[in-house]
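The primary structure of each chain is shown beneath.
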Amino acid sequence: MYLSDLTLLNYRNYSDLEINLPKGLILLHGDNAQGKSNFIEAIYLLSIAKSYKAGNERETLQLKQGVLSDKAHVVGVFQNESDKFRVMIDMKLVASDNGINKQILRKDITLNGSQVSASALLGNINAVLFTVDDIELIVGSPSIRRKFLDILICRLDKIYLRALQKYQRVLFQRNHLLRLIRDGKASIAELEFWNDSLIYEGSYITMKRKLIVDELTAVVKPIYQKLTNTGENISLRYEPGLSTDEFAFDDLQSRFKATLYDALDREISQGGSQYGPQRDEVKIFLDDMDSSVFASRGQSRTLSLSLKLSEGNILHKETNQSPIILLDDVFSELDDSRRNLILDHVSLNEQVFISSNNKDVLENRAVQSFTPLFVKNGSVIR
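The text that follows walks through the structure, step by step, so that each part is easy to find. (Residues numbered from 1 in each chain as written. Predicted model: local features only at pLDDT ≥ 70, side-chain atom pairs only at ≥ 80, totals over all residues. Heavy atoms only, no water.)

**Observations regarding the pattern of salt bridges**
So, point 1. Following the criterion strictly, the structure yields 19 salt bridges and no others.
So, point 2. For the salt bridge of Asp-150 with Arg-209, the shortest nitrogen-to-oxygen distance reads 3.0 Å. In this pair, Asp-150 sits in helix 4 (residues 142-156) while Arg-209 sits in helix 6 (residues 191-228), placing the two residues 59 residues apart along the sequence. Considered together, Asp-150 and Arg-209 belong to a single accessibility category, that of buried residues.
So, point 3. When the shortest N-O distance is used, the salt bridge between Asp-157 and Lys-208 registers 3.5 Å. Of the two residues, Asp-157 is situated in the loop between helix 4 and helix 5 (158-182) and Lys-208 in helix 6; the sequence distance between them amounts to 51 residues.
So, point 4. Its relative accessible area of 11% is what places Asp-157 among the buried residues.
So, point 5. On the basis of relative accessibility, which here comes to 23%, the residue Lys-208 falls in the partly exposed class.
So, point 6. A cluster of three or more residues bridged by salt bridges with shared partners is formed by Asp-150, Arg-209 and Asp-280. (Salt bridge = Lys/Arg side-chain N within 4 Å of Asp/Glu carboxyl O. Helix = DSSP H or I, 4+ residues; strand = E, 2+ residues; numbered from the N terminus. Buried < 20%, exposed > 50% of the residue type's maximum accessible area, 1.4 Å probe, protein only.)

**Details of helix 5**
So, point 1. Compared with an ideal rise of 1.5 Å per residue, which puts 25 residues at 36 Å, helix 5 spans 36 Å between its outermost C-alpha atoms and is within 8% of the ideal.
So, point 2. Within the sequence span of helix 5, burial applies to Tyr-160, Leu-161, Ala-163, Leu-164, Tyr-167, Val-170, Leu-171, Arg-174, Asn-175, Leu-177, Leu-178 and Ile-181.
So, point 3. For helix 5, the elements touching its buried residues are helix 2 (118-121), helix 4, helix 6, helix 7 (249-262) and helix 8 (264-270).
So, point 4. Sitting at the head of helix 5, Asp-157 places a side-chain oxygen 2.9 Å from the backbone nitrogen of Ile-159.
So, point 5. With its phi angle positive at about 75°, Gly-184 sits one or two positions after the end of helix 5. (Expected span 1.5 Å × (residues − 1). Contact = heavy atoms within 4.5 Å. Polar contact = N/O pair within 3.5 Å; in protein donor to acceptor, adjacent residues only side chain to side chain.)

**A short note on the sheet that holds strand 12 (residues 281-286)**
So, point 1. If you walk across this open sheet you meet the 3 strands as 11-12-13, and the pairing is antiparallel. Bordering the open sheet on either side are strand 11 (234-239) and strand 13 (289-290), each of which pairs with just one other strand.
So, point 2. Where strand 11 lies against strand 12, 6 bridges are found, and the strand directions are antiparallel. Along strand 12, the bridge assignment pairs Ser-235 with Phe-285. (Pairing = 2+ DSSP bridges.)

**Describing a nonpolar patch on the surface**
So, point 1. Taken together, Met-289, Val-293 and Phe-294 make up a surface patch of nonpolar side chains, about 320 Å² in accessible area.
So, point 2. Summarising the element assignment, Met-289 is placed in strand 13. (Patch = residues over 30% accessible without salt bridge, like charges linked within 9 Å, V, L, I, M, F, W, Y side chains within 5 Å. Areas by Shrake-Rupley, 256 points an atom, 1.4 Å probe, with all protein chains shown as cover.)

**Section: the packing of aromatic side chains**
So, point 1. The tally for this structure, following the rule as stated, stands at 7 aromatic pairs.
So, point 2. Residues Tyr-238 and Phe-247 carry aromatic rings whose centres are separated by 6.0 Å and whose planes lie at 45° to one another, so their mutual orientation is tilted.
So, point 3. Residue classification places Tyr-238 among the buried residues on the basis of a relative accessible area of 8%.
So, point 4. The structure contains a cluster of three or more aromatic residues connected by ring pairs, namely Tyr-14, Phe-39 and Phe-353.
So, point 5. The ring centre of Phe-247 lies 5.2 Å from the NZ or CZ of Lys-210, which sits over that ring. (Phe/Tyr/Trp six-rings, centres within 6.5 Å; stacked < 30°, edge-to-face > 60°. Lys NZ or Arg CZ within 6 Å of the ring centre and 35° of its normal.)

The analysis is restricted to geometry; functional conclusions fall outside its scope.
So, in structure tokens, the structure goes:
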């Protein structure tokens, strides 16, 4: 799959951009703060319907003389061997009725002219993003690794997406009820309904996470060894937030139910759920050493990139479509040999975007040709 056309209106520092894009490797080059990362962010937005950079998505609206634009849109046309997908995301500031904010951002998403939800869009356009911040996959909190797993699985399994959304709602309600029980404002009997849902959805999430971690483990090892040109061994270990050695769905439900029964008094006293997927961890080992503790910065950078490239390989295998690869300033901390190894690997994809403030970053590299695009102050010039 590749992106053939991109339109940005009032998005970040892009007032009005329309550009046709070729297949192959595309280099976005230019000085810092000119819009290279914004360009890549817009492409990824069309894939997952959410900005990866913005804490509040209002930030994606263009700021003119200190005032936010009241609307913006991002439009992309994607093509594969047999189909064409037109994705449009309209963003508007609308009056809020919550009494907290005067305005909120509303997003309307259309796929081939039909309005769809963000969850319905997920999985239609697959893009794999790597940024300098992805080193947090190795050294950051467990929630970052859980999010990585969730985005990958959600693209492949709509049932998982619904299970994850329902589990989060149930977990919130159950935690609220546990606090009410602790304070003598509700009865223990009210937990049964929430426990049943928590067990069912949580068991499915745990089962699918275990399967994807096993698949990642098999894929990431040869990628890492290729990128490093070493025999270092990388492995992943899934540590569920539920003590179990069995990952069949029925076994997980039985174990989860028994755990909640045994932990009832403790959860009430603490006013929160202590077991389940929200406590999951994925440990990443390099030669049997915990990488979050012992890996160097260079090793951590290559480990995180290897995981993202593994994500791309799995998406390609499961969907039979090459995902779009987005590399946002990833070469800044890598030596020449590692850059060449990465380029050699990603060049197998139908379309790859690389951003850099160095226009010569691809010269004399392991690529035969590429399309350079010069980015300056929200404009893109071939």
